[in-house]
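Structural features, examined
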Amino acid sequence: MSQPTPAPVHKTTDVTFRIRRFNPEIDSEPHWEDYVVPCYPTDRILDALAQIKGDKDGTLTYRRSCGHGICGSDAMRINGKNRLACKTLVKDLDVTKPVTVEAIKGLPLEKDLVVDMEPFFKAYREVMPFLIADGHEPTKERLQSVEDRAKFDDTTKCILCAACTTSCPVFWTDGSYFGPAAIVSAHRFIFDSRDSAASKRLEILNDKEGVWRCRTTFNCSEACPRGIQVTQAIHDVKRAMIFQR
Ligand code: SF4
Ligand code: F3S
Ligand code: FES
């Protein structure tokens, strides 16, 4: 018996990707280059970048690791918005005109779509993003009620992609602002009932480059690929500073 012919899944469409390129060894300024790539509607932008790198220009440089929205390494500006290339599908973009792809803003550009993440991680380290529990070691685990766990559930989802911080106009104008991602990481521990260093973290974020620089523009919440209510987390931290938790 003959096998049934599988139905065609989808047709490909030629999509133009306009990529902001920069090679510090030969370019004095970044410039745009166009690449036409046949894409399925369900292709991710990361797939298109891989096609360009594999078939058209092996020098194209970008970061990726997991390919599935977990590692946070491929945040970039796609059609002017910060997104993860691995979670953005061709069918969700207007492909009747060129799709622009560029590095996230506000961090030093190293090459093509790669930025220096060190200023971002410096702010992250400064808020002490780890549990600090004082003495009285329990014989088993440190217990926590369901209600207490819920207080910081949202901010546990952060993957440190920097999409929020690099979409923030305050951070663009002054890179010394801690930025929303560092505040989200601090929030995760400030509201953890097992942690004993909340007041220290609040003191750090009360700095002139801390939470009071936020102008509540909500770009960070819109950019977060994990759906974290970033602006709400910043608001929670501001309230905790006023009322000391
Ligand atoms: Fe990325 Fe969201 Fe974490 Fe910001 S809060 S670093 S956008 S996952
Ligand atoms: Fe920036 Fe988000 Fe505040 S975009 S100004 S940190 S609400
Ligand atoms: Fe890991 Fe996109 S490659 S989040």
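Placed above this text is the structure.
Here the structure is a predicted model, which means the values were calculated and not measured.

1. Comments concerning the overall build of the chain
If you tally the helices and strands in the chain, you get eight helices and seven strands. Counting only C-alpha atoms, the chain reaches 70 × 60 × 30 Å along its principal axes. Classification of the 245 residues of the chain by burial places 43% in the buried group. Nonlocal contacts in the chain, meaning residues at least 24 apart in sequence, comprise 63% of its contacts between residues at least 6 apart. Of the roughly 13,400 Å² of accessible surface on the chain, a fraction of 52% belongs to carbon and sulfur atoms.

2. As for the side chain of Arg44
Summarising the element assignment, Arg44 is placed in the loop between strand 2 (31–39) and helix 1 (45–56). Polar contacts involving the side chain of Arg44 include one to the side chain of Asp47, which spans 2.7 Å. For Arg44, the contacting residues outside a window of four places in its chain are Gly67, His68, Ala85, Cys86, Thr88 and Leu89.

3. Quick word on the environment of Val127
Relative to the assigned elements, Val127 resides in the loop between helix 2 (118–126) and helix 3 (146–150). For the pair Val127 and Leu202, spaced 75 residues apart in the sequence, the C-alpha separation amounts to 8.7 Å. The contact partners of Val127, leaving out residues within four places of it in the chain, are Phe178, Ala182, Ser185, Ala186, Arg201 and Leu205.

4. With respect to the site of ligand 2
Taken together, 13 residues sit near ligand 2, with Cys168, Cys214, Arg215, Thr217 and Cys220 positioned nearest. Of all elements in the fold, only helix 7 (219–223) and helix 8 (230–243) reach the threshold of two or more residues within the shell around ligand 2. In terms of residue class, the shell around ligand 2 is made up of eight nonpolar, four polar and one charged.

5. Description of the sheet that holds strand 3 (residues 75–78)
On the basis of which strands lie adjacent, the open sheet formed by five strands has the order 2-1-5-3-4 and mixed pairing. Among the strands making up the open sheet, the edge pair consists of strand 2 and strand 4 (81–84). Strand-to-strand twist across the sheet, computed as the mean angle between neighbouring axes with direction ignored, equals 35°. Judged from the two bridges that link them, strand 3 and strand 5 (residues 99–102) form a sheet pairing that is antiparallel. Bridge pairing links Ile78 to Val101 in strand 5. Those strands touched by helix 1 are strand 1 (13–21), strand 2, strand 3 and strand 5, and its axis lies near 100° from that of strand 2.

6. Regarding the packing of aromatic side chains
Within this structure, the stated rule accounts for two aromatic pairs. Between Phe120 and Phe121, the aromatic rings sit 5.1 Å apart at their centres with planes inclined by 80°, giving edge-to-face as the arrangement. Between Phe121 and Tyr124 the ring centres are 6.1 Å apart and the planes differ by 80°, which places this aromatic pair in the edge-to-face class. Within this pair, Phe121 and its partner Tyr124 are both found in helix 2, separated by three residues, close to a single helical turn. Judged by relative accessible area, which is 21%, Tyr124 ranks as partly exposed. Members of the aromatic cluster, connected to one another through ring pairs, are Phe120, Phe121 and Tyr124. Residue placement shows Lys105 over the ring face of Trp172; its charged tip is 3.8 Å from the ring centre. Arg188 extends its terminal NZ or CZ atom over the ring of Phe189, reaching a point 4.1 Å from the ring centre.

7. Structural notes on the site of ligand 1
Near ligand 1, the surroundings consist of 13 residues, among which Cys158, Cys161, Ala162, Cys164 and Cys224 are the closest. In the shell around ligand 1, the residues fall into 12 nonpolar, no polar and one charged.

8. Concerning the pattern of salt bridges
Following the criterion strictly, the structure yields 19 salt bridges and no others. Put simply, Arg149 and Asp153 hold a salt bridge, and the shortest N to O gap is 2.9 Å. Residues Arg188 and Asp192 are paired through a salt bridge, measuring 3.0 Å at the closest nitrogen-oxygen approach. With respect to burial, Arg188 and Asp192 carry one shared label: buried. Residues joined by salt bridges that share partners form a network here, namely Asp174, Lys208, Glu209 and Arg213.

Conventions we followed
- Residues numbered from 1 in each chain as written.
- Chains lettered and ligands numbered in written order.
- Predicted model: local features only at pLDDT ≥ 70, side-chain atom pairs only at ≥ 80, totals over all residues.
- Heavy atoms only, no water.
- Helix = DSSP H or I, 4+ residues; strand = E, 2+ residues; numbered from the N terminus.
- Buried < 20%, exposed > 50% of the residue type's maximum accessible area, 1.4 Å probe, protein only.
- Contact = heavy atoms within 4.5 Å.
- Areas by Shrake-Rupley, 256 points an atom, 1.4 Å probe, with all protein chains shown as cover.
- Polar contact = N/O pair within 3.5 Å; in protein donor to acceptor, adjacent residues only side chain to side chain.
- Near = heavy atom within 4 Å.
- Nonpolar A, V, L, I, M, F, W, Y, C, P; charged D, E, K, R; others polar.
- Pairing = 2+ DSSP bridges.
- Axes fitted to C-alpha atoms, helices over the stretch in contact; angles between N-to-C directions.
- Phe/Tyr/Trp six-rings, centres within 6.5 Å; stacked < 30°, edge-to-face > 60°.
- Lys NZ or Arg CZ within 6 Å of the ring centre and 35° of its normal.
- Salt bridge = Lys/Arg side-chain N within 4 Å of Asp/Glu carboxyl O.

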